[in-house]
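# Working through the structure, step by step
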Amino acid sequence: MNYLLDSNLVSDYLSGNLPEKSLLFADEVFDSNPIISIISKIELLGHNLPNYDKYKLAVENCIVLDIDAKVLAKTIALKNQGKLKLLMQLLLQQLWFTI
């Protein structure tokens, strides 16, 4: 089974900021080639962190879902019209249907 991970979960896992039971489960999840969105990849690798290599290795072990051009164009249009407060809402919706 593949899991779709949020960048906050990946970050908390890599920094050890999860309860012990959650860390044990996350170990299994990360061993099973989890899925992240291209947005999560950008969020995780778009910082100059001291442990960048750790983040890079984690992301390299994930399946990264790209964004469909049609969904991206519609999302930008909705955001420009003020109809979409969070860009991620529509993008994540597409990702859930892709899995």
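Residues numbered from 1 in each chain as written. Predicted model: local features only at pLDDT ≥ 70, side-chain atom pairs only at ≥ 80, totals over all residues. Heavy atoms only, no water.

Structurally, Leu-18 can be placed in the loop between helix 1 (7-14) and helix 2 (20-31). Judged by relative accessible area, which is 18%, Leu-18 ranks as buried. In contact with Leu-18, not counting residues within four places along its chain, are Leu-9, Asp-12, Tyr-13, Leu-23 and Ala-26. (Helix = DSSP H or I, 4+ residues; strand = E, 2+ residues; numbered from the N terminus. Buried < 20%, exposed > 50% of the residue type's maximum accessible area, 1.4 Å probe, protein only. Contact = heavy atoms within 4.5 Å.)

As a further point, take helix 5 (residues 69-80). Across its twelve residues, helix 5 extends 16 Å between first and last C-alpha, which sits within 8% of the 16 Å expected from 1.5 Å per residue. The backbone nitrogen of Lys-70 lies 2.8 Å from a side-chain oxygen of the residue at the head of helix 5, namely Asp-68. Just past helix 5, the residue Gly-82 takes up positive phi, approximately 75 degrees. (Expected span 1.5 Å × (residues − 1). Polar contact = N/O pair within 3.5 Å; in protein donor to acceptor, adjacent residues only side chain to side chain.)

So, about the pattern of salt bridges. All told, the structure shown has one salt bridge when counted by the stated rule. Close ionic contact of Glu-60 with Lys-56 constitutes a salt bridge, the shortest N to O distance being 3.8 Å. With Glu-60 and Lys-56 both in helix 4 (residues 52-60) and four residues apart, this pair spans about one turn of that helix. Exposure remark for Lys-56: the relative accessible area of 35% places this residue in the partly exposed category. (Salt bridge = Lys/Arg side-chain N within 4 Å of Asp/Glu carboxyl O.)

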